[in-house]
Amino acid sequence: MSVAIKVENLSKIYRLGEIGTGTISRDLERWVKMNVLGKDDPFLKIGESNNRSEKGNSDLVYSLQDLNFEIQQGDAVGIIGRNGAGKSTLLKILSRVTTPTTGKVKIKGRVASLLEVGTGFHPELTGRENIYLNGAILGMRKKEIDRKFDEIVDFSGVERYIDTPVKRYSSGMYVRLAFAVAAHLESEILIVDEVLAVGDAEFQKICLGKMGEVSKGEGRTVLFVSHNMAAVQSLCGEGILLGCGTLELYSEIKEVVKKYVYNEIDSSVQISILGGLSFSLVQLNDGSIVDDVSSIRELHICIKGHGLCEKTIGLTIFNEENQGIFSAHIFDFQDRRLNSSGYYIKVPTGLLKKGNYRVEAAVDDKQNECVLKFKKTYSDSLFLNNNNSKGLLMLSDWTHLH
Amino acid sequence: MPNTIEQLNQDWDLTIAPQSSLFTLNLKDVWRYRDLLVLFVKRDFISFYKQTILGPLWFFIQPLFTTIIFTFIFGNLAGISTDGLPQPLFYMAGITAWNYFADCLTKTSTVFKDNANIFGKVYFPRLIMPLSIVASNLVRFMVQLLLFVIMIVYYAVKGANFHITWAIGLFPFLVLLMALLGLGLGLIITALTTKYRDLAFLITFGVQLMMYATTVIYPLSAAPIKYKHLIELNPMTGIIEAFRYGFLGQGELTLQSIGYSTVFTFISLILGVVIFNKTEKTFVDTI
């Protein structure tokens, strides 16, 4: 096996705030110092990390900092990390949309990248015309599209609409058609950003299946960015964890996901008590707070706080693979006692296998705006995905606290 | 996989690095994407007349009405000379040629801004986009030229005072010059406006004003001596004069004037392509 992608000392610097250093004179000063005098960028302060939630002193940040890695031909690699960790920047450089500030990337084979579904689709053109246009934008020759046209239409499942302008399509059909074109690219390397968030469950399954086929069946190299840990794990063998622009871990996907998931929890423990609300795991008999539930048969998860009767409450238990296996929600406001100081729900721990679990709870007000989340989630899309999880869903088993 | 042994002497198909030479044009890449160029032209053409009743006929309306207005204002009210040519023919020749150049220039000058979304998501040789603009305007130009030819035939039947000269053979060359001049200047402007947009404001009315500094509504022979050299400095003047001389037999076609336009065109084209090429790599970060 040989190396398909080799990344050497790759860095990308972005400037925060307005474009330019602010004034044309500072731009000129910078240009003279860098290009004429051969000095380093005078406005770049080295050594500051790129953490989006912290205040920094420098205007310039490393979106990617000194990355070094190699990807073997035929590997499927998942790239994960929090928002702003540099995932998209890395993909943008690999797909030649932008250039690195320093360092090099060497690539063997044709690259097809799918950073967005339906790039270049023209709303006035029909599905047929858009297949040709989009295919050509992605790098296909006309003959190639001719040959695969029927296959693409079949895969997309929008045959009936193929001669209708795509502006009349539903958003799901639009995505189906667009992904179908991209999926039929002939390239040695396929780069896919989080694009499967749209489309119905059936189509998401088809997409993942197609990508699996591409990587396992045809031996092509796949780079896949996603916040959907279950999808990443089922598709990829290896994983890259990015944190604030640096490479934190490059290993087997299981290890990488584990590290990512537990990093997340550590950084958010302190939010668990806030604004007079509290959240605890308690034992049934004596109400004592527990961390280890292995010895108890029945676990009560309890949410306390004033004014909870007007809020929507939801909680989900996740397993180590980060799949929600158990969810419970309260939506209706009529049946609730106004003076209740909180709610609890019984969780049959006997149903749980041995292992570590993570509990997330969220309290929303009537406008569905989240007023409090006890544990941070990885992203909004993940939180919504919980509704699709395979676990049990209990709706009305909440009991008032006295 | 981590910890692999570095493989030496491997052939790479592609190396992505911060800087490359000013003159790496990747014309091979552009050629490989020629189908895309054709499809872009098709897209522009089809989307132009989708959901219209008159369809491609709309290409005629604009030059037709401009000619009528010009004939009325500059010909009848202002009484500007047309070198003895029928006024509608004189104006239409100027308008058709000028429009092609102006469309190429204005559309190319916003190519980065207009396509920031698509350029930010997928790679293809960026030069394809301005080239496709020039090509789709060429389609439009040819349709409008048809109108011009119809008018020529009409006036010829009526026995108006004009004649076609040998210089009509220069026509393909003149079209090429107009296309490349518009392209070159447009590329320079689009590259310069990714960071500071000031120039973009200038271009919208600048092109309009520039028309009056070109011999569109008056013949070069009617220009005051004082300003004649200034007007001749405009590279479009030589082209339009030659165009008119070819089709209508009136206009000042000299080797100097056409030579000057040619040199000017190629210098701006080379400059434009080089600046564009340098900008295309990072403009996504600054647009």
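For the structure itself, look to the data block above.
Now for a description of the structure that goes with this document. What you see is a predicted model, and the numbers here were worked out from it, not measured in a lab. (Residues numbered from 1 in each chain as written. Chains lettered and ligands numbered in written order. Predicted model: local features only at pLDDT ≥ 70, side-chain atom pairs only at ≥ 80, totals over all residues.)

### Topic: the overall build of chain A
Secondary structure summary: chain A contains nine helices and 18 strands in total. Out of the 402 residues in chain A, the part that is buried amounts to 40%. For chain A, restricting intrachain contacts to residue pairs at least 6 apart in sequence, the fraction spanning at least 24 positions comes to 70%. (Helix = DSSP H or I, 4+ residues; strand = E, 2+ residues; numbered from the N terminus. Buried ≥ 20, exposed ≤ 12 C-beta atoms within 10 Å, placed from the backbone. Contact = placed C-beta atoms within 7 Å.)

### Things to note about the sheet that holds strand β1 (residues 14-16) of chain B
Read from one edge of the open sheet, four strands run β2(A)-β1(A)-β4(A)-β1(B), paired in antiparallel fashion. Since the sheet does not close on itself, it has two edges, and those belong to β2 (60-72) of chain A together with β1 of chain B, each with one partner. Ignoring strand direction, the axes of neighbouring strands in this sheet form an average angle of 15°. Both strand β1 (residues 3-15) of chain A and strand β4 (residues 102-107) of chain A contribute to a ladder of five bridges, which runs antiparallel. Note that in β4(A) the partner of A:Lys6 across the bridge is A:Lys106. (Pairing = 2+ DSSP bridges. Axes fitted to C-alpha atoms, helices over the stretch in contact; angles between N-to-C directions.)

### What to know about the interface of chain B and chain A
In this assembly, 31 residues from chain B lie in contact with 42 residues from chain A. Split by residue class, the side of chain B that touches chain A holds 15 nonpolar, eight polar and eight charged. Across three bridges, the pairing between β4(A) and β1(B) is antiparallel. What sits directly across from A:Lys106, in β1(B), is B:Thr15. (Nonpolar A, V, L, I, M, F, W, Y, C, P; charged D, E, K, R; others polar.)

### Quick look at the pairing of strand β3 (residues 76-80) of chain A
Residue and element names in this part refer to chain A. Across the five residues that make up β3, a large majority, five, are buried. Of the two faces of β3, both are covered, the one formed by Ala76, Gly78 and Ile80 as well as the one formed by Val77 and Ile79. With four bridges joining them, β3 and strand β7 (residues 221-225) adopt parallel strand pairing. Paired with Ala76 across the bridge in β7 is Val222.

### Some remarks on the environment of A:Phe69
Residues and elements named next belong to chain A. Relative to the helices and strands, Phe69 is located in strand β2. Classification of Phe69 by C-beta neighbours within 10 Å gives partly exposed; the count is 17. For Phe69 and Val105, which are 36 residues apart along the polypeptide, the C-alpha to C-alpha distance reads 9.7 Å. Leave out the neighbours within four places in its chain, and Phe69 touches Val7, Ile240, Leu247 and Tyr250.

### Thoughts on the sheet that holds β7(A)
Residues and elements named next belong to chain A. Pairing is mixed across the open sheet formed by six strands, whose spatial order is β5-β6-β7-β3-β8-β9. Both edges of this open sheet fall to β5 (111-114) and β9 (246-252), since each of them pairs with a single strand only. Across the sheet, the axes of successive neighbouring strands diverge by a mean angle of 15°, strand direction being ignored. With six bridges joining them, strand β8 (residues 238-243) and β9 adopt antiparallel strand pairing. What sits directly across from Gly239, in β9, is Ser251.

### Looking at the nonpolar core
Residues A:Phe224 and B:Phe101 are the most contacted members of the largest nonpolar core, which totals 139 residues. Sort the elements by how many residues they give to this core and helix α4 (residues 87-108) of chain B lands first, with 13 residues. (Core = buried A, V, L, I, M, F, W, Y, C linked by C-beta atoms within 7 Å.)

### Some words on the packing of helix α8 (residues 171-192) of chain B against helix α12 (residues 255-279) of chain B
All names here are of chain B. It is at 7 Å that the axes of α8 and α12 come closest, and there the two elements cross at 35°. Considering only the axes of α8 and α12, their crossing is left-handed. Of α12, the residues touching α8 (which contributes Leu177, Leu180, Leu181, Leu183, Gly184, Leu185, Leu187, Ile188 and Ala191) are Ser261, Thr262, Thr265, Ser268, Leu269, Leu271, Gly272, Val273, Ile275, Phe276 and Thr279. The residue makeup of the contact of α8 with α12, split by class, is 13 nonpolar, seven polar and no charged. (Left-handed = near helix turned anticlockwise from the far one by under 90°.)

### A few points about the packing of helix α4 (residues 142-156) of chain A against helix α5 (residues 171-183) of chain A
Residue and element names in this part refer to chain A. Running from N to C, α4 and α5 cross one another at 140°; their axes reach a closest spacing of 8 Å. Taken as axis vectors, α4 and α5 run oblique relative to one another. By crossing handedness, the relation of α4 to α5 is classed as right-handed. Side by side, α4 and α5 meet where Ile152, Phe155 and Ser156 of the first sit next to Arg176, Leu177, Ala180, Val181 and Ala183 of the second. Residue composition of the contact of α4 with α5, grouped by class: six nonpolar, one polar and one charged. (Parallel < 35°, antiparallel > 145°, perpendicular 65-115°, else oblique.)

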